[in-house]
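Listed below, chain by chain, are the residues.
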Amino acid sequence: MSDKTSSNAMWGGRFAAGPDAIMEAINASIGFDKRLAAQDIEGSRAHAAMLAATGIVSDSDAGAIREGLLTVLSEIEEGRFAFSTALEDIHMNVEARLKEIIGEPAGRLHTARSRNDQVATDFRLWVRDQCDAAVEGLTALMRALLVQAEAGADWVMPGFTHLQTAQPVTWGHHMMAYVEMFARDRSRFADARTRMNECPLGAAALAGTSFPIDREMTAHALGFDRPAANSLDAVSDRDFALEFLAAASICAMHLSRFAEELVIWSSAQFRFVTLSDRFSTGSSIMPQKKNPDAAELIRAKIGRIVGANIALLTVMKGLPLAYSKDMQEDKEQVFDAADTLMLALAAMTGMVGDMTANRAALEAAAASGFSTATDLADWLVREMGLPFREAHHVTGALVALAESKGCDLKDLSLDEMHAAHGGITNAVYDVLGVHNSVASRTSYGGTAPVQVHAQIARWKEALA
């Protein structure tokens, strides 16, 4: 058997045509970068207008190009466009179809540009749109959380550290913690958008162009703040995609933390919340089950998003300037991460909007686990002048006593309190109720309902 026969047999029928088919398959990106069609055509129309304005091409040719590109876009949007793998990418597919529509003027479109600055522009436009979509999705989620927070601003629940009961807090305070988290995510996407808003178009292959182009004109036509200042950097930069993925990874981590709490809270052992049937499923064998599948899937989505971040960092880490074909591997991970993030945001927003908090279960749990022990220690410091370490010791002794009796701190008699410290008075019982505990936490950012309402009002105004 010859080497050629052996090679073809090894690759099998998919690559029966031999090395040419293999090269076409590994080289082509149209299978995924067709998603950039709208951005590619938007950039080309801006480029054509600039070429005419600077006298590089005629007004008539530029007009034909711009109109022809709209025809191509409509064919793509209506599903009538035949994408060709042989034409490699979205740029060549669009240009080939444009030539079929308008003829010879189509060949003038690529004057003073390269596929290198073209794809950098297309991709940047697409990621910029995804930053806007993420901000919008996060705003919707924050508004849903504000509704929950306002409804339960004074509902007491246990606050946890190490997943052990720590101190009582309010439902509204807990919801507002996630408002703060997702607000930071929102600001990260907005900040990344500001930094990425420079236009690579006009950098050409890597060195700029000798044609008298107007890069300010194309930058402003495409909504960029300015043209990118260095042509080498313009075509080789993918920081904008990495920043998007980094922001998406942190956001997905926050979504996962919240999803984990919803999984725990909706369990039969907690019953803090009830998730709607729209975001739950049943069991194929156990009729009593109501599974928080949407929350569990959101919890898992971070794996795909962080994976995309690591993948692109790995692609970029060893590349010399300027463009290398490796950079064709920059898009699929970003596309998947963006889709995954937006789906997770939409699902979480739906769950938050539909879920019902069980006020009675929250309050019952808030009073358990000696959650007001810190209030007792603070009272001993404030009212009796004990050093905090001594107050901590006295409170620990009372917790141990209550634990041995199978009761809570507020159920201990005053005589039993005196066994730990003779100076304790009846006034101590005022701080041992969970409602008094949360009401006393009036420091800025604290769990007291008055503070929660203030934060809700602040965010309502900010989101308006």
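Just so it is clear, the model here is predicted, and its values are computed rather than measured.

What the chain contains, in helices and strands, is 19 helices and six strands. A globule of 464 residues ought to have a C-alpha radius of gyration of about 23 Å, yet the chain, at 31 Å, is considerably larger. Its C-alpha atoms put the chain at 100 × 60 × 40 Å along the principal axes. Counting the 464 residues in the chain, one finds 47% classified as buried. Restricting the contact set of the chain to residue pairs at least 6 apart, pairs at least 24 apart contribute 73%. Carbon together with sulfur atoms contributes 54% to the accessible area of the chain, which is approximately 21600 Å² in total. Separation between the mean location of the 42 positive side-chain charges and that of the 59 negative ones in the chain comes to 1 Å.

Before going further, it helps to spend a moment on the packing of aromatic side chains. Considering all chains together, one arrives at 11 aromatic pairs under this definition. Measuring from ring centre to ring centre gives 5.5 Å for Phe123 and Phe240, while their planes differ by 75°; the resulting arrangement is edge-to-face. Remark: Phe240 occurs in helix α11 (residues 239-265) and Phe123 occurs in helix α7 (residues 115-151); sequence separation between them is 117 residues. Here Phe123 and Phe240 have matching classes, each one buried. Through successive ring pairs, a cluster of aromatic residues spans Phe160, Trp171, Trp265, Phe270 and Phe272. A cation sits over an aromatic face here: Arg35 above Phe335, 5.2 Å from the ring centre. The ring of Phe123 carries Lys331 above its face, with NZ or CZ at 5.6 Å from the centroid.

Averaged over all residues, the pLDDT of the chain equals 90, while 93% of them reach at least 70. A low-confidence stretch, residues 1-12 (pLDDT under 50), is modelled with five contacts involving residues beyond four sequence positions or located in other chains.

Among the secondary structure elements, Arg45 is positioned in helix α4 (residues 37-53). One buried charged residue, Arg45, remains without a salt bridge, the closest side chain of opposite sign being Glu67 at 4.6 Å. The contacts of Arg45, once residues within four sequence positions are left out, are Arg66, Leu69 and Leu70.

A complete count under the given rule lists 24 salt bridges for this structure. The partner of Glu78 in a salt bridge is Arg80, with the nearest N and O atoms 2.7 Å apart. By relative accessible area, Glu78 is classed as exposed at 52%. Across the pair Asp354 and Arg278 runs a salt bridge, and its minimum N-O distance is 2.7 Å. Residue Asp354 is found in helix α13 (residues 331-354), and its partner Arg278 is found in the loop between β5 (273-274) and α12 (293-316); the two are separated by 76 residues along the sequence. The partly exposed category is assigned to Asp354, whose relative accessible area is 27%. Note on Arg278: relative accessible area 62%, which makes it exposed. Among the charged side chains, a salt-bridge network with shared partners connects Asp61, Glu104 and Arg108.

On to the pairing of strand β1 (residues 156-161), then. Sheet topology note: the β1/strand β2 (residues 164-170) ladder contains six bridges and is antiparallel. Bridged to Met157 within β2 is Val169. Between the antiparallel neighbours β1 and β2 lie two residues, among them His162 with a positive phi of about 55°.

With that settled, consider the nonpolar core. Trp171, Phe189, Leu255, Phe258, Trp265 and Met348 are the most contacted members of the largest nonpolar core, which has 76 residues in total. Residue assignment for this core shows that the elements contributing at least two residues are α7, α8 (171-196), α11, α12, α13, α14 (359-366) and α19 (449-463). In terms of residue count, the dominant contributor to this core is α11 (16 residues). Excluding anything up to four places from it in sequence, Leu255 contacts Leu141, Phe182, Ile298, Leu341, Ala344, Leu345 and Met348. If you look at the next biggest cluster of nonpolar residues, it comprises 19 residues, including Ala402, Cys407, Leu409 and Met417.

With that settled, the discussion passes to the side chain of Asp122. Inspection of the secondary structure assignment puts Asp122 in helix α7. Buried Asp122, no salt bridge; nearest opposite-charge side chain is Arg113, N-O distance 6.7 Å. At a separation of 3.4 Å, a polar atom in the side chain of Asp122 contacts the side chain of His91. Non-local contacts of Asp122, meaning those with residues more than four positions away in its chain, are made with Leu36, Gln39, Asp40 and His91.

Helix length check: helix α6 (residues 90-102) (13 residues) gives 18 Å between terminal C-alpha atoms against 18 Å at 1.5 Å per residue, within 8%. Among the residues of α6, Ile90, His91, Asn93, Val94, Glu95 and Leu98 are the ones counted as buried. In this fold, the buried residues of α6 make contact with α3 (30-33), α4, α5 (59-77) and α7. In the segment just after α6, Gly103 is the residue with positive phi, at about 80°.

Okay, the environment of Leu232 next. Looking at the element boundaries, Leu232 is found in helix α10 (residues 231-236). Sequence separation of Leu232 and Met384 is 152 residues, and the distance between their C-alpha atoms is 71 Å. In this structure, Leu232 is in contact with Leu206 and Ala322, ignoring residues within four places of it in sequence.

Tallied over the full model, the rule gives zero disulfides. Here Cys131 stays free of any disulfide, with the sulfur of Cys251 as its closest cysteine sulfur at 12 Å. We classify Cys131 as buried; its relative accessible area is 1%.

Analysis parameters
- Residues numbered from 1 in each chain as written.
- Predicted model: local features only at pLDDT ≥ 70, side-chain atom pairs only at ≥ 80, totals over all residues.
- Heavy atoms only, no water.
- Helix = DSSP H or I, 4+ residues; strand = E, 2+ residues; numbered from the N terminus.
- Rg over C-alpha atoms; globule rule 2.2 N^0.38 Å.
- Buried < 20%, exposed > 50% of the residue type's maximum accessible area, 1.4 Å probe, protein only.
- Contact = heavy atoms within 4.5 Å.
- Areas by Shrake-Rupley, 256 points an atom, 1.4 Å probe, with all protein chains shown as cover.
- Lys, Arg positive; Asp, Glu negative; His and termini not counted.
- Charge placed at Lys NZ, Arg CZ, Asp CG, Glu CD.
- Phe/Tyr/Trp six-rings, centres within 6.5 Å; stacked < 30°, edge-to-face > 60°.
- Lys NZ or Arg CZ within 6 Å of the ring centre and 35° of its normal.
- pLDDT = per-residue confidence, 0-100.
- Salt bridge = Lys/Arg side-chain N within 4 Å of Asp/Glu carboxyl O.
- Pairing = 2+ DSSP bridges.
- Core = buried A, V, L, I, M, F, W, Y, C linked by side-chain atoms within 4.5 Å.
- Polar contact = N/O pair within 3.5 Å; in protein donor to acceptor, adjacent residues only side chain to side chain.
- Expected span 1.5 Å × (residues − 1).
- Disulfide = S-S within 2.5 Å.

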